Amino acid sequence: MSRVWDIPVQESTRVRDARVAAEAACAEVSLDAPSTAAAALVATELATNLVKHASGGRIVINLVGSADSRAGTEPCVQIVSLDHGPGIGDVGAASADGYTTSAASLGAGLGTCRRVADDFDLHSRPGEGTVAVARITSTRTSRAKGSGRAGSGLRTGGSVQVGRNLRVGGSVRVGGGVRAGDSVRAGGVTASYAHAEHSGDAFAWVRSGSRVTLLLADGLGHGEKAAEASTAAVEELRRDADLPPADLLRRLHTVLRTTRGAAVGVAQLDEDTGRLAFAGVGNIGARLRTGTGWQPFISHPGIVGAHFPATVPLREADWGHDSLLVLHSDGLPGRWVPPLDPLLLAHDPAVVAAVVLRDAGSAARPLRDDTSVAVLTPAADGGP
């Protein structure tokens, strides 16, 4: 089921809670001791920064797959830090080992996170806050330990490449987030209502040949019963990765009849034709960014597993090098404002999703439901 560790971090006593949550997430997917230690360290560093430099924030831990759409299905522990703090003026400097800052900006500990995580990416804008995403897998020996070789850096313009790390603008990408030849990445974040243990939302992505399918499901209600429905949708996606969106939704309607049912959105990109197709049933939002702005994709009313429509409209659009697709559950306000930062496309898709999630709410305006945001983006240039 969609297990979530959602920890508000407003004071130093919650740093331990973030560390314990990271260890529990690793145990959930049987990660080894070195991986668990790395995840605990990352959670501790990120949570400490929230308290010291951002006046508090939030740690959200999910169990996900790689952002690389050609990678295997090995589970990752994904640790997301979100805040509305002062932001970082110089991300490259703040991400270096041993760098410390004043209380005016975040920075201490980011070098450690960059070094020990399998994937690490960060987005920050002064005056708006910071989002950091780290993923930990069990393949500790396969990581290039040279990622911390600051002496081998090559500086060209606004980017710095150090070992296998690539920094672009306000981002730091580490490890095997993208493989050569990939043209698309996927990722996201799931948060639970009132910091509950289970979220009724879930997302996943699969590849079948040249087609990449991204699914987001919102089980009816909250808690474990809602999570059973969304988890069943994800499991069926992995069994039927070759089905087009409308056919997959019909298949899911049969599978989810024994559950509460769910709202489900399915986006499928055919990399050979450069066409994106979307079909949804229930209250799943979808927006596609192209060179001319944002285009909404509308889901059809209904409940997969309970009340399925006679026809499922299929929306199609061209997919370009500057496209970005956002799927979200109804926990996100219907009038959320898309991020305006032109550099955001270069970031890990989970970072994009976390920025959308963060900017849709605040401590004064907390989200009122389980919330999931999933993102599909082109692969960034200059992979490792």
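Residues numbered from 1 in each chain as written. Predicted model: local features only at pLDDT ≥ 70, side-chain atom pairs only at ≥ 80, totals over all residues. Heavy atoms only, no water.

Please clarify how the pairing of strand β18 (residues 371–378) should be interpreted in this entry.
Residues in a regular strand point their side chains to alternate faces of the sheet. Along β18, eight of the eight residues are buried, which leaves the element largely enclosed by surrounding structure. Note that strand β9 (residues 184–191) and β18 share eight bridges and pair antiparallel. Pairing of Ala-191 across the sheet is with Thr-371, part of β18. Relative to β18, strand β17 (residues 324–328) runs antiparallel, the two being bridged by four bridges. Directly across from Val-326, in β18, lies its bridge partner Val-375. (Buried < 20%, exposed > 50% of the residue type's maximum accessible area, 1.4 Å probe, protein only. Helix = DSSP H or I, 4+ residues; strand = E, 2+ residues; numbered from the N terminus. Pairing = 2+ DSSP bridges.)

In this structure, what is going on with the packing of aromatic side chains? I would like to understand it.
In this description, an aromatic ring pair is defined by two values, namely the gap between the centres and the angle between the planes. Evaluated as defined, the whole model comprises three aromatic pairs. On the basis of an interplanar angle of 20° and a centroid distance of 5.8 Å, the ring pair of Phe-278 and Phe-297 is categorised as stacked. Residue Phe-278 is found in strand β13 (residues 275–281), and its partner Phe-297 is found in strand β15 (residues 293–297); the two are separated by 19 residues along the sequence. The class for Phe-278 is buried, based on a relative accessible area of 0%. Phe-297 gets classed as buried once you look at its relative accessible area, which sits at 3%. In this arrangement the basic side chain of Arg-287 is found over the ring face of Trp-336, its NZ or CZ atom lying 4.2 Å from the centre. (Phe/Tyr/Trp six-rings, centres within 6.5 Å; stacked < 30°, edge-to-face > 60°. Lys NZ or Arg CZ within 6 Å of the ring centre and 35° of its normal.)

Got a minute to help me understand helix α2 (residues 33–53) in this structure?
Count 3.6 residues to each turn of an α-helix, and residues three or four apart come out pointing the same way. With 21 residues, α2 should cover 30 Å at 1.5 Å per step; its first-to-last C-alpha distance of 30 Å lies within 8% of that length. Residues of α2 that are buried: Ser-35, Thr-36, Ala-38, Ala-39, Ala-40, Val-42, Ala-43, Leu-46, Ala-47, Asn-49, Leu-50 and His-53. Once α2 ends, the next one or two residues include Ser-55, with phi positive near 55°. (Expected span 1.5 Å × (residues − 1).)

How do you make sense of the sheet that holds strand β11 (residues 211–219) when you look at a structure like this?
Overall, antiparallel pairing links the five strands, which are arranged β10-β11-β12-β13-β16 in an open sheet. If you trace the sheet from one side to the other, it starts and ends with β10 (201–208) and β16 (315–318), each paired once. Neighbour-to-neighbour, the strand axes of the sheet open up by a mean angle of 15°, direction not taken into account. Pairing analysis gives nine bridges linking β11 to strand β12 (residues 262–270), with the strands arranged antiparallel. Looking at β12, one finds that Val-212 is bridged to Leu-269. Where helix α5 (residues 223–239) meets the sheet, it contacts β10, β11 and β12, and its direction lies at approximately 0° from that of β10. (Axes fitted to C-alpha atoms, helices over the stretch in contact; angles between N-to-C directions. Contact = heavy atoms within 4.5 Å.)

Explain the packing of α5 against helix α6 (residues 245–255) here, please?
Each pair of packed helices can be described by the angle between their axes along with the distance between the axes. It is the contact of α5 with α6, at a shortest axis distance of 10 Å, that shows an interaxial angle of 130°. The pairing of α5 with α6 is recorded here as oblique in orientation. Pair α5 / α6 crosses with right-handed handedness. Of α6, the residues touching α5 (which contributes Ala-232, Ala-233, Glu-236 and Leu-237) are Leu-248, Arg-251, Leu-252 and Val-255. Of the residues contributing to the contact of α5 with α6, the split by class is six nonpolar, no polar and two charged. (Parallel < 35°, antiparallel > 145°, perpendicular 65-115°, else oblique. Left-handed = near helix turned anticlockwise from the far one by under 90°. Nonpolar A, V, L, I, M, F, W, Y, C, P; charged D, E, K, R; others polar.)

What is the right way to look at the confidence of the model for the protein chain in this model?
Detailed conclusions should not be drawn from predicted coordinates in areas where pLDDT is low. Averaged over all residues, the pLDDT of the protein chain equals 84, while 80% of them reach at least 70. Counting interchain partners and residues more than four positions distant, the pLDDT-below-50 stretch residues 102–107 has 21 contacts. Counted against residues more than four places away or in other chains, residues 141–181, with its pLDDT under 50, gives 95 contacts. (pLDDT = per-residue confidence, 0-100.)

What is the right way to look at α5 in this model?
For α5, with 17 residues, the first-to-last C-alpha span of 25 Å sits near the 24 Å given by 1.5 Å per residue. The complete set of buried residues in α5 reads Ala-226, Ala-227, Ala-229, Ser-230, Thr-231, Ala-232, Ala-233, Val-234, Glu-236 and Leu-237. Against β10, β11, α6 and β12 lie the buried residues of α5.

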